[in-house]
Amino acid sequence: EPEELPAFEVWEPNWPSMLAFLACETQWRFAVGMGGATRLGLDYPSVDVALRRLDLDHTFADLQIMERAALTAFGEQA
C-alpha cells in the first residue's frame with residue numbers, strides 16, 4: 001500500500017506556478033552512469049511547449065526556483 005503523503009496548502013497566487021510544475025513533472029533530464037541515474041534538471045524545450053500550451057509561460061521563473069529546490073531535495077534523498 002502506498003505511503004500517504006502529508007497534505008499542504010497552496011496559496012491562490014502560487015496556484016499557476018504549482019500547475020506549471022506539475023505539468024512538467026515528466027520532463028526531467030537524467031544522466032545515467034555506473035552509480036545509477038541522476039536528475040540534471042528540467043528539459044527546457046519540452047517545458048516551453050508545455051507552458052505555452054497551458055498558457056502558463058509567465059510562470060517560468062517560478063518553475064526554475066522549484067526546479068532548484070527539487071534538485072536539492074532529490075540530492076538529499078540519494
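Further up the page is the structure itself.
Caption draft 1: Quick look at the nonpolar core. Within the largest apolar cluster, ten residues are counted, these being Ala20, Cys24, Trp28, Leu42, Val47, Ala50, Leu51, Leu56, Leu63 and Ala70. Looking at this core, the elements that each hand over two or more residues are helix H2 (44-53) and helix H3 (60-77). Among the elements that take part in this core, H2 stands out by supplying three residues, more than any other. Residue contacts for Val47: discarding those within four places in its chain leaves Cys24, Gln27, Leu42, Phe60 and Leu63.

Caption draft 2: Region of the structure containing the pairing of strand S2 (residues 36-42). Pairing of strand S1 (residues 28-33) with S2 involves six bridges; the strand directions are antiparallel. Counterpart to Ala31 in the pairing with S2 is Thr38. Count of turn residues in the S1/S2 antiparallel hairpin: two residues.

Caption draft 3: Fine view of the pattern of salt bridges. Taken as a whole and assessed by the stated rule, the structure comprises two salt bridges. We note a salt bridge from Arg29 to Asp43, for which the minimum N-O separation is 2.5 Å. Of this pair, Arg29 sits in strand S1 while Asp43 is found in the loop between S2 and H2, placing the two residues 14 residues apart along the sequence. Among the ionic pairs, Asp48 bridges to Arg52, the shortest N-O distance being 3.0 Å. Taken as a pair, Asp48 and Arg52 lie in helix H2 at a separation of four residues, close to a single helical turn. Residue class for Asp48 comes out partly exposed when judged on its relative accessible area of 36%.

Caption draft 4: A look at helix H1 (residues 15-23). The set of residues buried in H1 consists of Ser17, Met18 and Ala20. End-on, the buried residues of H1 take up no more than an arc of 160 degrees, which puts them together on one face.

Caption draft 5: Here's a closer look at the side chain of Ser17. Position of Ser17 among the secondary structure elements: in helix H1. We classify Ser17 as buried; its relative accessible area is 7%. Every residue in contact with Ser17, bar those within four places of it in the chain, is listed here: Thr59, Asp62 and Met66.

Caption draft 6: Looking closely at H2. Residues of H2 that are buried include every one of Val47, Ala50 and Leu51, and no others. Take H2 and look down its axis: the buried residues cluster within an arc of 95 degrees, on one side only. Away from the buried face of H2 by more than 90 degrees, exposed residues Pro45, Arg52 and Arg53 are located. The positive-phi residue at the C-terminal boundary of H2 is Asp55, with phi of around 55 degrees.

What counts and how
- Residues numbered from 1 in each chain as written.
- Predicted model: local features only at pLDDT ≥ 70, side-chain atom pairs only at ≥ 80, totals over all residues.
- Heavy atoms only, no water.
- Core = buried A, V, L, I, M, F, W, Y, C linked by side-chain atoms within 4.5 Å.
- Buried < 20%, exposed > 50% of the residue type's maximum accessible area, 1.4 Å probe, protein only.
- Helix = DSSP H or I, 4+ residues; strand = E, 2+ residues; numbered from the N terminus.
- Contact = heavy atoms within 4.5 Å.
- Pairing = 2+ DSSP bridges.
- Salt bridge = Lys/Arg side-chain N within 4 Å of Asp/Glu carboxyl O.
- Arc of directions from axis to C-beta.

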